[in-house]
Amino acid sequence: MGRLDDKVCVITGAARGQGEAEARLFGAEGGTVWLTDVLDAEGEAVAGEMGGTYRSLDVRDEAAWSSIIDEVVATHGRIDVLVNNAGIYTHGRHFEIDVDDFNRVMDINCTGVFLGMRAVSPHMRDAGSGSIVNISSVAGMQGGVNAFAYFTSKWAVRGMTKAAAVENGRRNVRVNSIHPGLIDTEMLNNAVLDGQDSERTVNQFVPMGRTASALEVANMALFLASDDASYCTGCEFVVDGGMTAL
Ligand SMILES: NC(=O)c1ccc[n+]([C@@H]2O[C@H](COP(=O)([O-])OP(=O)(O)OC[C@H]3O[C@@H](n4cnc5c(N)ncnc54)[C@H](O)[C@@H]3O)[C@@H](O)[C@H]2O)c1
């Protein structure tokens, strides 16, 4: 018996990295998984391998959100889980970042999460159950240098999570945030570290002395998506090898 048997799940940014790991794990645990992303070839390939359904979705696109969630509900009669995982990272300090760059990060990392929650919450509220998992970051728990828009966006995800959790509480729709540390994906290796010495960064900032695999975050997402987390809502779940303990 799987931990997500009979659950219909939608995951954003599922073509690679953490979203891909979540899609594969949720499928292995019995979930019916709809993968979405803007990387269509990669997304189709992952869905084909793990038996899910792929749809192209730019999380900034309000009309596309409606049409995909309508299709999911028309197909299965329900939606049980949404993982708002899609995100981007950019460098730049507050006194030098372009407004356009700032807005792009906010549109994808924040408005995308809001649109996702708005699309699924009415269905979950009517059903009297559901779980929304928003991927924030340790950057949503502390400050940091040279990624002003990213830090801002991830604090906003943490705040939106709490506000939506309160609004959805009585309808048994749970909303939680996950705060990963340094996770071994394209984002970390190509954007966050961007030429920095990764070994030095890890040694300096991570008490456990290593990065995490995407699966180690997916395991937390699985817990929150499943009924095992039936009394958890409005909370932060940190997966960071001790980074925020420093
Ligand atoms: N990797 C890390 O160290 C780390 C740490 C903390 C939090 N996070 C967060 O985890 C989440 C997943 O990131 P990842 O590490 O797997 O990185 P990743 O870059 O491998 O994956 C991000 C995915 O989001 C998709 N995406 C980007 N813009 C999109 C858009 N407009 N619409 C739909 N999809 C879009 C990308 O195509 C990609 O598949 C992100 O929200 C990220 O901010 C990552």
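Above this text sits the structure in question.
Fair warning: this is a prediction, and the values are worked out from it, not measured in the lab.

Engineer: Would you explain the overall build of the protein in this entry?
Structural biologist: Along the backbone of the protein there are 8 helices and 7 strands. Seen along its three principal axes, the alpha-carbon backbone of the protein occupies a region of about 50 × 40 × 40 Å. A total of 246 residues make up the protein; the buried ones form 47% of that total.

Engineer: I keep staring at the packing of helix α1 (residues 17-28) against helix α8 (residues 214-225) and nothing clicks. Help me out?
Structural biologist: A pair of packed helices can be characterised by two numbers: the angle between their axes and the separation between those axes. Remark: α1 packs on α8, axes separated minimally by 8 Å, with the N-to-C direction vectors making an angle of 55°. The angle between α1 and α8 falls in the class oblique. Judged by the twist between their axes, the crossing of α1 over α8 is right-handed. On α8, the residues that touch Gly17, Gln18, Glu20, Ala21, Glu22, Leu25 and Phe26 of α1 are Ala214, Leu215, Val217, Ala218, Ala221, Leu222 and Ala225. Residues that form the contact of α1 with α8 fall into these classes: 10 nonpolar, 2 polar and 2 charged.

Engineer: Please explain the environment of arginine 125 as it appears in this structure.
Structural biologist: Inspection of the secondary structure assignment puts arginine 125 in helix α4 (residues 99-127). Arginine 125 sits in the partly exposed class, given 16 other C-beta atoms within 10 Å. Setting aside chain neighbours within four positions, we find arginine 125 in contact with Asn168, Arg171 and Val173.

Engineer: Is there a simple way to think about the site of the ligand in this case?
Structural biologist: As a matter of local geometry, the ligand sits amid 29 residues, with Gly13, Gly17, Ala86, Gly87 and Met187 nearest to it. Contributing elements (two or more residues each) for the shell around the ligand: α1 and α6 (186-192). Among the elements that take part in the shell around the ligand, α6 stands out by supplying 4 residues, more than any other. Tallied by class, residues from the shell around the ligand come to 15 nonpolar, 9 polar and 5 charged.

Analysis parameters
- Residues numbered from 1 in each chain as written.
- Predicted model: local features only at pLDDT ≥ 70, side-chain atom pairs only at ≥ 80, totals over all residues.
- Helix = DSSP H or I, 4+ residues; strand = E, 2+ residues; numbered from the N terminus.
- Buried ≥ 20, exposed ≤ 12 C-beta atoms within 10 Å, placed from the backbone.
- Axes fitted to C-alpha atoms, helices over the stretch in contact; angles between N-to-C directions.
- Parallel < 35°, antiparallel > 145°, perpendicular 65-115°, else oblique.
- Left-handed = near helix turned anticlockwise from the far one by under 90°.
- Contact = placed C-beta atoms within 7 Å.
- Nonpolar A, V, L, I, M, F, W, Y, C, P; charged D, E, K, R; others polar.
- Near = placed C-beta within 6 Å.

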